Amino acid sequence: MGFILSRSQYKYNFIVFVLALSVSYAVKKYFLISGFASFILFFGGATLYIMYGYGALAKKPASFRFLYSLLPILLLFIYAGVVSLFGDFDFVSIVFHLSMGLEGGIPENSAKYIFRFALSYFGMVVAFWILINKDQRFLTLDRTLFVPLLLINPLVWSIGSFFIGNPYDDRLLKAYSAPDHLQLVEKNKKNMIIIYAESTERTFGEIAGGDKIFAELKELAASGLEVKGLAQARNTGWSMAGFVASQCGVPLQPHLFFKNNILDKQQKTFFAGIVCLSDLLKKNDYHVEFLNGADHGFAGMTTFLQNHQFDQAYGVHNIEAPSDYRNDWGHYDDTVFEQAQKRARLLKKSEKPYVLSVATITAHFPNGHPTRSCEQAFPNNKLPQILFSVKCTGYEINRFIKTLRHEGVLENTVVVIVSDHLMMKNDYEEQLNQKQRLNYFVVIGDNIRPQLLERHAAMFDVFPTLLDLLGFSLPDGRAGLGVSLLSENKTLFEQYGAGKINDQIGADRLLARKIWMERPTL
């Protein structure tokens, strides 16, 4: 083997080693393997190259060729990038957000990450294209690897499982209890404030330092009914999915299986086939509002609120706040809760029963968005930002409730606090995964005695529980796919186990068709 190289061979080998370094770094970065493992990967590839290809230059350089293997490699990059950013690859969530709208929902740090990801892939394409036109062996390698890389690609399997369902499996459809004609039997209509605590799962109270991190939320739990056991069902693992599951009693089933629902035409209806909490409330002369600090164009929120008869909605565009006090998503939560206090006071004075839903953003992954109010309240805070953001969420909720309670605004009012979903990718994921990961669910009110209720439930069980708290009569405690956690009836998770129900949710097509395509009658 000769080691004296020509100038062209030096250039060629330099490109090979740059490509090898890029691939080994990408594998380390996106698949979270150790630095040692990525070094072994690079060293092994370099050894093989030195043994069999060092100094080689094709005598018959190939003309321009399409690179077949870059398609499965691109899919692999996309899959690994999503996992690296979010901690999981949820194809249903991706398709849903693309079809319902991303307006106001791509924070600057995510955009930078996507740019770097695209740039790294482009660099690999250029390097591989140069090599394939210099050495015929790379062309052979490209053609050889195309099919195997496609077959083992996790993104291909995810897409396949998304489209390959069972069109005849009617188990979920049969389990669905339509709430269309439920009657409100409570003569003294109660008000309700529902607070959706972004990513503030109960598990944070159980990791190292949990007593400090979760102090305010544990204080609230001790003053009311706490439900332990609210797990995350399939298709309820992001904000809009958790919200609609609790409001409508179903997971957010995908809707692109049906005609007239394609990615280049934004969905104009949202759960048009079922009755949700707000629909029942409007039928019973309630005033219904939603309030958060974000853009309601994101993830179809505006469409949902309009389709399900919300009277008023407040978000980033109609809440007044200093222009220099914004986070990636919109207003900070101290601004949001200040507006929520104003609305609760006015709604109390109107003497018309109301339900006000408030969604927070403070603990949004990966680092959170702690408020100025929290920084002033805890000037000596030493917690990392994401843990401080969880604590800050509890502080803002606790302060909001105490203020309204002191003013007498919460008379005849039930306050529900529930985390919208488990936290996604974060620095404490390993600690969280060592525990049983559960959502936070607490109910506070004048006639609700403090207790810990242990149930095996999902977010769609929150829907009938809310109806039960408001005084609706529920046959067998059921509404949607859920069961009131105040009843003695078993939830789907308790009857069949979370694994079986999640499998049914993934395979379902019939309930999805009902949710999106049919028209209910009230």
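Residues numbered from 1 in each chain as written. Predicted model: local features only at pLDDT ≥ 70, side-chain atom pairs only at ≥ 80, totals over all residues. Heavy atoms only, no water.

**What to know about the sheet that holds strand β3 (residues 225–230)**
So, point 1. In spatial order, the strands read β5-β4-β6-β2-β7-β8-β3-β9; together these 8 strands make up an open sheet with mixed pairing. Of all strands in the sheet, those bounded by a partner on one side alone are β5 (312–314) and β9 (451–457). Taken over all neighbouring pairs, the strand axes of this sheet differ in orientation by 15° on average, direction set aside.
So, point 2. Sheet strands touched by helix α11 (residues 239–248): β2 (191–197), β4 (287–291) and β6 (354–359). Its angle to β2, the strand with the most contacts, is close to 155°. (Pairing = 2+ DSSP bridges. Helix = DSSP H or I, 4+ residues; strand = E, 2+ residues; numbered from the N terminus. Axes fitted to C-alpha atoms, helices over the stretch in contact; angles between N-to-C directions. Contact = heavy atoms within 4.5 Å.)

**Describing the state of the cysteines**
So, point 1. Taken as a whole and judged by the stated rule, the model has 2 disulfides.
So, point 2. Between Cys-248 and Cys-276 runs a disulfide, and the two sulfur atoms are separated by 2.0 Å. Handedness of the Cys-248-Cys-276 disulfide follows from its S-S torsion of about 105°: it is right-handed. Linking Cys-248 in helix α11 with Cys-276 in the loop between α11 and α12 (277–283), this pair joins segments that are 28 residues apart in sequence.
So, point 3. Its relative accessible area of 0% is what places Cys-276 among the buried residues.
So, point 4. The disulfide partner of Cys-374 is Cys-392, and the S-S distance across this bridge is 2.0 Å. When the S-S torsion is 90°, as for the bridge of Cys-374 with Cys-392, the disulfide is right-handed. Within this pair, whereas Cys-374 is found in helix α15 (residues 372–377), its partner Cys-392 is found in helix α16 (residues 385–406), the two being separated by 18 residues in sequence.
So, point 5. On the basis of relative accessibility, which here comes to 0%, the residue Cys-392 falls in the buried class. (Disulfide = S-S within 2.5 Å. Buried < 20%, exposed > 50% of the residue type's maximum accessible area, 1.4 Å probe, protein only.)

**Side note on the packing of aromatic side chains**
So, point 1. One pass over the full model with this rule turns up 18 aromatic pairs.
So, point 2. With a centroid separation of 5.5 Å and an interplanar angle of 65°, the aromatic rings of Phe-298 and Trp-329 are classed as edge-to-face. Here Phe-298 is found in the loop between β4 and α13 (301–307), whereas its partner Trp-329 is found in the loop between β5 and α14 (333–350), with 31 residues between them in sequence. Trp-329 carries the same exposure label as Phe-298, and that label is buried.
So, point 3. Within the aromatic cluster, the residues linked to one another by ring pairs are Phe-96, Tyr-196, Trp-238, Phe-243, Phe-270, Phe-271, Phe-290, Phe-304, Phe-310 and Trp-516.
So, point 4. Lying over the aromatic face of Tyr-68, Arg-143 brings its terminal NZ or CZ to 4.2 Å of the ring centre. (Phe/Tyr/Trp six-rings, centres within 6.5 Å; stacked < 30°, edge-to-face > 60°. Lys NZ or Arg CZ within 6 Å of the ring centre and 35° of its normal.)

**A word on unusual backbone geometry**
So, point 1. Here the residue pair Phe-365 and Pro-366 is connected by a cis peptide bond, since its omega of 0° sits within 30 degrees of zero.
So, point 2. In this structure, Pro-366 sits in the loop between β6 and α15.
So, point 3. Of note in the backbone geometry, Asn-235 takes a positive phi value of approximately 65° without being a glycine.
So, point 4. Looking at the element boundaries, Asn-235 is found in the loop between β3 and α11.
So, point 5. For Asn-235, a relative accessible area of 5% translates into the label buried.
So, point 6. Backbone geometry places Gln-309, a non-glycine residue, at a positive phi of 65°.
So, point 7. As for its position among the elements, Gln-309 is in the loop between α13 and β5.
So, point 8. With relative accessibility at 35%, the residue Gln-309 sits in the partly exposed group.

**Quick look at the packing of helix α4 (residues 91–100) against helix α7 (residues 154–163)**
So, point 1. Between α4 and α7, whose axes approach to 10 Å, the crossing angle comes to 75°. By the angle class used here, α4 and α7 are roughly perpendicular. Of α7, the residues touching α4 (which contributes Phe-91, Val-92 and Val-95) are Ser-158, Ile-159, Phe-162 and Phe-163.
So, point 2. Across the contact of α4 with α7, the residue classes tally to 6 nonpolar, 1 polar and no charged. (Parallel < 35°, antiparallel > 145°, perpendicular 65-115°, else oblique. Nonpolar A, V, L, I, M, F, W, Y, C, P; charged D, E, K, R; others polar.)

**Re the nonpolar core**
As a rule of thumb, soluble globular proteins bury nonpolar side chains together.
So, point 1. Ranked by internal contacts, the top residues of the largest apolar core, which has 82 residues, are Met-240, Leu-252, Phe-270, Phe-271 and Phe-304.
So, point 2. In contact with Met-240, not counting residues within four places along its chain, are Phe-96, Leu-252, Phe-270, Ala-299, Gly-300, Met-301 and Phe-304.
So, point 3. If you look at the next biggest cluster of nonpolar residues, it comprises 45 residues, including Leu-356, Cys-374, Phe-388 and Met-423. (Core = buried A, V, L, I, M, F, W, Y, C linked by side-chain atoms within 4.5 Å.)

**Things to note about the pattern of salt bridges**
So, point 1. This model, assessed by the stated rule, comprises 14 salt bridges.
So, point 2. The partner of Arg-437 in a salt bridge is Glu-201, with the nearest N and O atoms 2.6 Å apart. Separated by 236 residues along the polypeptide, Arg-437 in the loop between α17 (429–433) and β8 (441–444) and Glu-201 in the loop between β2 and α9 (210–213) bring together distant segments of the chain. Take Arg-437 and Glu-201: they sit in the same class, and that class is buried.
So, point 3. The salt bridge partner of Arg-455 is Glu-494, with a shortest N-O separation of 2.9 Å. Here Arg-455 is found in strand β9, whereas its partner Glu-494 is found in helix α19 (residues 492–496), with 39 residues between them in sequence.
So, point 4. On the basis of relative accessible area, Arg-455 is assigned to the buried category, the value being 12%.
So, point 5. Owing to a relative accessible area of 25%, Glu-494 belongs among the partly exposed residues under this scheme.
So, point 6. Within the structure, one salt-bridge network assembled from shared partners comprises Arg-202, Glu-206 and Glu-226. (Salt bridge = Lys/Arg side-chain N within 4 Å of Asp/Glu carboxyl O.)

**Points about the confidence of the model for the chain**
So, point 1. On average, residues of the chain carry a pLDDT of 85, and 81% of them reach 70 or more.
So, point 2. Per-residue pLDDT stays below 50 along residues 54–59; that stretch engages in 17 contacts with residues further than four places along the chain or on separate chains.
So, point 3. Here residues 258–265 is modelled with pLDDT under 50, and outside its nearest four sequence neighbours on either side it reaches 15 contacts, counting other chains as well. (pLDDT = per-residue confidence, 0-100.)

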